[in-house]
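# Coordinate inspection notes
Each chain, written out:
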Amino acid sequence: MSFVDKLRTIVGDRGLITDDQGKHPYLTDWRENYLGAALAIVRPATTEEVAAVVKLCAAEKVAIVPQGGNTGMNGGGTPHEDGHEIVLSLTRMNRILDIDPIGYTMTVEAGVVLKTIQETAAQHDRLFPLSLGAEGSCTIGGNLSTNAGGVQVLHYGNARNLVLGIEVVLPNGEIWNGLRALKKDNTGYDLRDLYLGAEGTLGIITKAVLKVWPKPKDHATSWVAIPSPEAAVELLSGANSASEDNVTSCELMGRQGIDLVLKHIPAVSDPLAERHDWYVLMEWSSTRPRRDGANAAGLREKMEGYLGEAMEKGLVLDAVIAQTEAQSQALWQLRENHTEASKKEGPSIKHDISVPVSNIPKFVIEGTAAMKKALPECRPVIFGHVGDGNLHFNCQAPAGWGKPQFTPHVETISGAIYDLVVGYGGSISAEHGIGQIKVDELAHYRSKIELDTMRTLKRALDPRNIMNPGKVLRI
Ligand code: FAD
Ligand code: MLT
Ligand code: ZN
């Protein structure tokens, strides 16, 4: 029996895609930087099917590329071009298995789309706080495997902080049931943490027990024009106490990104009359319900007071505060469409970096100069999670340039940015991971002892090197 026929006996016809047209969407990444090939796309419906597929692959030495929503930024979910791998898509494993509002947990299969998890939590008066532009199509398995960040990390933490337990199919096909709903568990090494952020190189996450939070009952969203990134850091610092520790998002954006969104995304408009160089989108939220009417008291009023004081100090040039949920969503559209708009504009390099928050202002100045020195015509598009010290210090190709013209400059531009990042004690990948795009950079910027330890772990857990080989590390 052929390998593909053996796969068919495990997952059935519904779980197997072998024709070129059907395979294509799984073989290229969201940014269309990579086009791979695969023996088949395998879509198991249960953990037991995943385990049987992995056992077969281990026996036949066929490598496996796990894939969720395929929204990753670094080619981690795209197979190599040689066509000797399978893509194992978790998207049919999309059931919510349990929600426990009393214990503040939810148990889900790995292929559940993030938005479904958020909505399920909301239906039970709870919040699942992971929130990012791809939430309508990324899956929780992908979120955990990339340790995703998003726009509420500064209050709730990244994906690693939002999960209690996981179930994993190991590279030999055994199932590790680590689905514990425990907040405290000091029984030996933390195996769970190994798989979070491992980008599918150590095993396949098949289920997770997630943490949920009380659902906020009051929100305030503002769009604030500021004179500089320095003002953003100061504004956020003061907002933490002014809001009584209720700042849940603080996103910095340069004008270049706003212009791209206004150009490429329909039905989005600039909320302020005048153009400014820098903006902050700030959201406060609290579980204390607001009071409307004559004695209105809530976060909007507090935010208004705070921004008024900040304006007097010169930290704020102009601002709007959303008065309705629809207005708040319109402001968020301007922020969340940066990635989509940049893709529509043409090629770009994503520098998903972090530095200590107080160094952000200096970094922006020096990083912009370094980018311009490397390629004077390039267009810096700088935005991101300033409260986490994580900026998308992206470089849009000069207007009208295609990939063949831009690609020869990538190494020089990125090298200049990453050297600066490392000089600040920062990270060359704050949230998107390594995948295949940054394997050389990881090898260059992490120390020998770190790389040796990572390789030792990889070899011990995946001795046949069948779990997403060539991603993150070269063995
Ligand atoms: P995929 O892209 O399918 O896979 C990502 C990696 O995880 C691959 O290496 C894959 O092999 C592995 N993997 C997937 N599922 C599993 C599994 N079950 N077990 C083991 N390994 C697995 N990311 C952020 O962190 N913050 C953001 O703010 C953010 N914004 C984004 C906005 C847009 C518009 C887009 C397109 C992407 C954005 N991303 C962001 C990147 C991306 O959405 C996240 O990395 C997301 O977590 C990936 O989930 P996915 O299901 O699409 O995973
Ligand atoms: C975001 O925060 O919107 C994405 O992580 C940024 C990006 O696409 O570079
Ligand atoms: Zn981001």
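Refer to the structure printed above.
Residues numbered from 1 in each chain as written. Chains lettered and ligands numbered in written order. Predicted model: local features only at pLDDT ≥ 70, side-chain atom pairs only at ≥ 80, totals over all residues. Heavy atoms only, no water.

## Concerning the coordination of the zinc ion (ligand 3)
Rules: Note that water is not among the atoms used; donors are N, O and S atoms within 2.8 Å of the metal (3.2 Å for Na, K and Ca), so sites may look incomplete. Exposed residues in this analysis have more than 50% of their type's maximum accessible area, buried residues have under 20%, and partly exposed residues fall in between, with area computed by a 1.4 Å probe over protein chains only.
Coordination sphere of the zinc ion (ligand 3), protein contribution only: His 385 (NE2), His 392 (NE2) and Glu 431 (OE), at 1.8 to 2.1 Å. Counting along the primary sequence, the residues that act as donors to the zinc ion (ligand 3) give the motif H-x6-H-x38-E. Like His 385, the residue His 392 is buried in the burial classification.

## Considering the side chain of Ser 414
Defined as follows: Secondary structure elements follow DSSP: runs of H or I no shorter than four residues count as helices, runs of E no shorter than two count as strands, and numbering proceeds from the N terminus. What makes two residues a contact is simply this: any of their non-hydrogen atoms within 4.5 Å.
Following the sequence through the fold, Ser 414 ends up in helix α14 (residues 403-423). According to the relative accessible area criterion, Ser 414 is buried, its value standing at 5%. Sequence-distant contacts of Ser 414, defined by excluding residues within four places in its chain, comprise Ile 349 and His 351.

## Overview of the nonpolar core
Using the following cut-off: Side-chain atoms within 4.5 Å are what join buried Ala, Val, Leu, Ile, Met, Phe, Trp, Tyr and Cys residues into a set we call a nonpolar core.
If you look at the biggest cluster of nonpolar residues, it comprises 48 residues, and the most contacted ones within it are Ile 226, Leu 235, Met 282, Leu 307, Ile 353, Phe 393 and Ile 417. Elements supplying a minimum of two residues to this core: β12 (218-226), α8 (229-242), β13 (247-254), β14 (278-286), α10 (299-312), α13 (360-374), β19 (390-396) and α14. The contacts of Leu 235, once residues within four sequence positions are left out, are Val 224, Ile 226, Met 282, Tyr 306, Leu 307, Ala 310, Leu 315 and Val 316. Listed in part, the 31 residues of the second largest apolar core include Cys 138, Ala 159, Leu 196 and Leu 202.

## Here we look at the site of ligand 1
Worth spelling out the cut-off: Whether a residue is near a molecule or strand is decided by its heavy atoms; if any one of them lies within 4 Å of it, the residue is near. N or O atoms within 3.5 Å of each other form a polar contact, as long as, within protein, one can give a hydrogen and the other can take it, and as long as residues adjacent in sequence are counted only when both atoms are side-chain atoms. Note on areas: Shrake-Rupley, 1.4 Å probe, and residue coverage restricted to the protein chains presented here. Nonpolar residues are Ala, Val, Leu, Ile, Met, Phe, Trp, Tyr, Cys and Pro. Charged residues are Asp, Glu, Lys and Arg, and all others, Gly as well, are polar.
In the vicinity of ligand 1, 36 residues are found, and the nearest of them are Pro 66, Gly 68, Thr 71, Gly 72 and Thr 139. Take Asn 143: an N or O atom from its side chain is 2.9 Å from an oxygen atom of ligand 1. For ligand 1, a nitrogen atom lies 2.9 Å from a polar atom in the backbone of Ile 205. For ligand 1, the accessible surface in isolation is 980 Å², of which the surrounding protein chains cover 97%. When residues of the shell around ligand 1 are traced back to their parent elements, those giving at least two are β3 (64-67), α5 (140-145) and β10 (204-211). A per-element tally of the shell around ligand 1 places α5 first, with 4 residues. In terms of residue class, the shell around ligand 1 is built from 11 nonpolar, 23 polar and 2 charged.

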